[in-house]
Protein chains: 2
Amino acid sequence: MGTRVGQKTVRFDKMPIILSTAAVAGNAEKTGPYGSTFDIVFDDDLWGEKTYELAERKMLIKAIETAMAKAGLKPDDISYLLGGDLLNQIISAGFAARQLGIPFFGLYGACSTMAESLMLGAMIVDGGFAKYAACATSSHFATAERQFRNPLELGTPKTPTSQNTVTASGAAILSSTGDSTYPAVTYATTGRVIDMGINDVNNMGAAMAPAAAETIISHLEETGRKAGFYDHIVTGDLGTFGSELMLRIASDAGYDMTANHLDCGVLIYQGNELMHCGGSGCGCSASMLCGHFINSMNQGTIKRILFVATGVLHSPTSALQGESIPAIAHAVSLEMGCGS
Amino acid sequence: MGTRVGQKTVRFDKMPIILSTAAVAGNAEKTGPYGSTFDIVFDDDLWGEKTYELAERKMLIKAIETAMAKAGLKPDDISYLLGGDLLNQIISAGFAARQLGIPFFGLYGACSTMAESLMLGAMIVDGGFAKYAACATSSHFATAERQFRNPLELGTPKTPTSQNTVTASGAAILSSTGDSTYPAVTYATTGRVIDMGINDVNNMGAAMAPAAAETIISHLEETGRKAGFYDHIVTGDLGTFGSELMLRIASDAGYDMTANHLDCGVLIYQGNELMHCGGSGCGCSASMLCGHFINSMNQGTIKRILFVATGVLHSPTSALQGESIPAIAHAVSLEMGCGS
């Protein structure tokens, strides 16, 4: 059962635990500073498949299967798969669900989808509707780039504020039972759609920063927690420019997060200047959460994080029709020592 | 709190009620046999907007606003908006959420989205996470046709098995409290993704029929109910051909639903031969449920329906890449005399 603690935030009274996670990633991610934290990596973007779309689907299936295997579970044990991706009609998730045969809730929150799936999954498990639920997302540079921007063959140069769609997938298995040695989902703050009039589709960080700031501030206000309560406030994929902007907006509102804010988009390619402002895509925050961050919690090096996945909800059609870029951010509080 | 009664089915122990609904529809729907059941209708596909996409967004916003007004609620009273549509990146729902300012869960289940939103909304409300949640979807002939099939200007003839995307939207407000004079959400059966190898994108009914049959049969088996328990088993948009196929599959499995099965896609344009096999789209089942069926329950002419929205989870890209069409169906049991 849940308890509302504010306009946007609920507490999970039974605190579902994250029983296992898995992350799958491509070559650029493998050779980055967090390469060793992914369970499965591969070298070329096709991963032995005929199309990039099939390679993306394979990542998502492998991530879910690996997370299930770590938990000793089979598809029949999982009541619901909650997932999505960036592709039109979320075909990666839909076809993955076809192969796995798990009752399926398709989600679309763009790059915020991993947090969306964890929030809804935790509500389902906490509400007594499932013992186990799988939450998963994926993105792939080659499928996203040609769908959202330009044909790959064009070799379009990138602008300084651009981010690189991460080729990766992350999956987490939520469970209604488990002791305090597992990370627990304790609070969820669901974002509103925020649009500050940004219309540069190569500057997603700027579009998402106000949404991230609003959701984080709402979370802190509604839970009565200070930013320093968390080892890290982990945003999804604001990138370097968007992170600066988010920290400035938060600072102007009286919240200083400079000491403990991290951004998955900044981290995943850190040191690689070809990636400009960093990584983006559903798979960015999903693979960093389901790899590095959950691993660190399980190893005891960090105890509490606020996971804030951020997404833009425009489409190529809406951009061509002159619309600005609406954004959303969802925050999930993950804590050790709380599972029931 | 929920109770699992089977592999795919849960019971809502507190049985959230449908406090209010509203439906908005275009001209072809207005002039059909259920035209008088829609709250708002309009004559031309643009509805005073510059683009069809803006007209679709306006439908969705008007449906949600009308449902809220009927319940005497404002956006701030609603904890979550759960919604989606057929457009790439579900821009109708995303931009509607921007305007309404309600914390937003974006969903994609193609034409099954209305049932998906009701299931997740009911879990959220039943689990104590919200007092009120809004569930809404939309579709528009002109936006869907050019995205999924051909440019409108081409005037492509339709095949005999084709269905017409319905220009309509439906919205429902779920509430945690309400007496037994309101329709209550009592059970939800969540579908798996089923693919029988159909690859004709002009024959969606055939692709969805096996998924609908499986979900309905699972629902009846897991709840121990007979098909005749319901006044109507209402599928979303199988159309005439898909309905026949579904009834035959069910009959072969020992379930006779010929007496009480209805299909929203068959009903909405009944008598209009230009519409071939009938209507389809998220807005088809949403507007028929939120108009005719809920009205009939509130008026006492029917007491129990199983609402089974059906969707196909392919994309133009997956079809061009030679994939067959995966389908899904979700069933929600709606009953009078159960609200708490």
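Predicted model only: the values in this text are computed from it and were never measured. (Residues numbered from 1 in each chain as written. Chains lettered and ligands numbered in written order. Predicted model: local features only at pLDDT ≥ 70, side-chain atom pairs only at ≥ 80, totals over all residues.)

**Q** What am I meant to see in the overall build of chain A here?
**A** The helix and strand tally for chain A stands at 10 helices and 15 strands. Taking 340 residues into account, the globule formula puts the C-alpha radius of gyration at 20 Å, and chain A, at 18 Å, falls close to it. With respect to the three principal axes, the spread of C-alpha positions in chain A is 55 × 50 × 35 Å. Residues counted as buried form 65% of the 340 residues belonging to chain A. In chain A, the proportion of contacts linking residues at least 24 apart, taken out of those at least 6 apart, comes to 79%. (Helix = DSSP H or I, 4+ residues; strand = E, 2+ residues; numbered from the N terminus. Rg over C-alpha atoms; globule rule 2.2 N^0.38 Å. Buried ≥ 20, exposed ≤ 12 C-beta atoms within 10 Å, placed from the backbone. Contact = placed C-beta atoms within 7 Å.)

**Q** Is there a simple way to think about the environment of Leu86 of chain A in this case?
**A** Residue and element names in this part refer to chain A. For Leu86, the position within the fold is in the loop between strand E5 (80-85) and helix H3 (91-100). Judged by the 26 C-beta atoms lying within 10 Å of it, Leu86 falls in the buried class. Residues Leu86 and Lys74, spaced 12 residues apart in sequence, show a C-alpha to C-alpha distance of 26 Å. Dropping the residues within four chain positions of it, Leu86 is found in contact with Ala110, Ser139, Ala144, Gly281 and Cys282.

**Q** Teacher, can you tell me more about the interface of chain A and chain B here?
**A** When the parts come together, some accessible area is lost, and that loss is often what is quoted as the size of the interface. Contacts between chain A and chain B engage 49 residues on the former and 49 residues on the latter. Listed by contribution, the elements that provide at least two residues to the side of chain A that touches chain B are strand E1 (2-4), E5, H3, strand E6 (104-106), helix H4 (113-126) and helix H10 (316-320) of chain A. The residue makeup of the side of chain A that touches chain B, split by class, is 23 nonpolar, 19 polar and seven charged. (Nonpolar A, V, L, I, M, F, W, Y, C, P; charged D, E, K, R; others polar.)

**Q** Before we go on, may I ask you to explain the relation of the copies chain A and chain B in this structure?
**A** Each of the two copies of the chain can be brought onto the other by a rotation about an axis and a shift along it. Overlay of chain A on chain B (RMSD 0.0 Å): rotation 180 degrees, translation along the axis 0.0 Å. Here the symmetry operator amounts to a two-fold rotation axis. The residues that chain A uses at the interface reappear at the interface of chain B in 100% of cases, marking a shared surface. (Least-squares fit on C-alpha atoms with pLDDT ≥ 70 in both.)

**Q** Just checking my understanding: could you explain the environment of Phe38 of chain B for this structure?
**A** Residue and element names in this part refer to chain B. Inspection of the secondary structure assignment puts Phe38 in the loop between helix H1 (27-30) and strand E4 (40-41). Residue classification places Phe38 among the buried positions, given that 25 C-beta atoms sit within 10 Å. Along the backbone, Phe38 and Cys290 are 252 residues apart, and their C-alpha atoms lie at a distance of 8.3 Å. When near neighbours in sequence (up to four residues on either side) are disregarded, Phe38 contacts Ala23, Val24, Ala25, Glu29, Lys30, Ser287 and Gly291.

**Q** Please explain the packing of helix H6 (residues 204-223) of chain A against helix H7 (residues 239-252) of chain A as it appears in this structure.
**A** A pair of packed helices can be characterised by two numbers: the angle between their axes and the separation between those axes. All names here are of chain A. Across the interface, H6 lies against H7 with an axial gap of 8 Å and an inter-helix angle of 40 degrees. Our classification of the angle between H6 and H7 gives oblique. Of the two possible hands of crossing, H6 and H7 adopt the one that is right-handed. Two secondary-structure elements touch here, H6 through Gly205, Ala206, Met208, Ala209, Pro210, Ala212, Ala213, Ile216 and Ile217 and H7 through Gly239, Phe241, Gly242, Leu245, Met246, Ile249 and Ala250. Grouping the amino acids of the contact of H6 with H7 by side-chain chemistry returns 13 nonpolar, three polar and no charged. (Axes fitted to C-alpha atoms, helices over the stretch in contact; angles between N-to-C directions. Parallel < 35°, antiparallel > 145°, perpendicular 65-115°, else oblique. Left-handed = near helix turned anticlockwise from the far one by under 90°.)

**Q** In this structure, what is going on with helix H5 (residues 141-149) of chain A? I would like to understand it.
**A** Every α-helix winds through 3.6 residues per turn, so residues three or four apart in the chain are directed the same way. All names here are of chain A. The set of residues buried in H5 consists of Phe141, Thr143, Ala144 and Phe148. Projected down its long axis, H5 carries its buried residues within an arc of 165 degrees, all on one side. Where H5 is buried, its residues contact helix H2 (52-70), strand E7 (132-139), strand E8 (164-165) and H10. (Arc of directions from axis to C-beta.)

**Q** Honestly, the packing of helix H2 (residues 52-70) of chain B against helix H3 (residues 91-100) of chain B in this entry has me stumped. Any pointers?
**A** All names here are of chain B. Following both chains from N to C, one finds H2 and H3 inclined at 55 degrees, their axes separated by 9 Å at the closest point. As judged from the angle between their axes, H2 and H3 are oblique. For the pair H2 and H3, the sense of crossing is right-handed. For the pair H2 and H3, the contacting residues are Glu53, Glu56, Arg57, Leu60, Ile61 and Ile64 in the first and Ile91, Ser92, Ala93, Phe95, Ala96, Gln99 and Leu100 in the second.

**Q** Looking at this model, I keep getting lost on the pairing of strand E3 (residues 17-25) of chain B. Mind explaining?
**A** It is a general feature of regular strands that their side chains alternate between the two faces of the sheet. All names here are of chain B. With nine of nine residues buried, E3 lies mostly within the body of the structure. The pairing of E3 with strand E9 (residues 168-175) spans eight bridges and is classified as antiparallel. By the bridge assignment, Ile17 is partnered in E9 with Ser175. Of the strand pairs in this sheet, E3 and E4 are connected by two bridges, and their pairing is parallel. (Pairing = 2+ DSSP bridges.)

**Q** Help me understand the confidence of the model for chain A in this model?
**A** Detailed conclusions should not be drawn from predicted coordinates in areas where pLDDT is low. The predicted model of chain A has a mean per-residue pLDDT of 96, with 99% of residues at 70 or higher. Taken together, the chains of this predicted complex give a pTM of 0.98 and an interface ipTM of 0.97. (pLDDT = per-residue confidence, 0-100.)

**Q** When you look at unusual backbone geometry in this model, what are you seeing that I'm missing?
**A** Note: most residues except glycine have negative phi, and most peptide bonds are trans. In the Ramachandran plot, Ile90 of chain A falls in the positive-phi region, its phi being about 35 degrees despite a non-glycine side chain. Examined against the element boundaries, Ile90 of chain A turns out to sit in the loop between E5 and H3.

**Q** Sorry if this is basic, but what is going on with the environment of Ser20 of chain B here?
**A** Residue and element names in this part refer to chain B. Residue placement: Ser20 occurs in strand E3. Ser20 gets classed as buried once you count the C-beta atoms within 10 Å, which come to 23. Not counting residues up to four positions away in its chain, the partners in contact with Ser20 are Ala67, Lys70, Ala71 and Ile173.

**Q** Help me out: how do you make sense of the pairing of E9 of chain B in this one?
**A** All names here are of chain B. Counted residue by residue, E9 has eight buried out of eight residues, so it is predominantly covered. The two faces of E9 match: Ala168, Gly170, Ala172 and Leu174 on one face and Ser169, Ala171, Ile173 and Ser175 on the other face are all buried. Here eight bridges tie strand E7 (residues 132-139) to E9, and the two strands are oriented antiparallel to one another. Following the sheet pairing, Thr137 is matched in E9 by Gly170.

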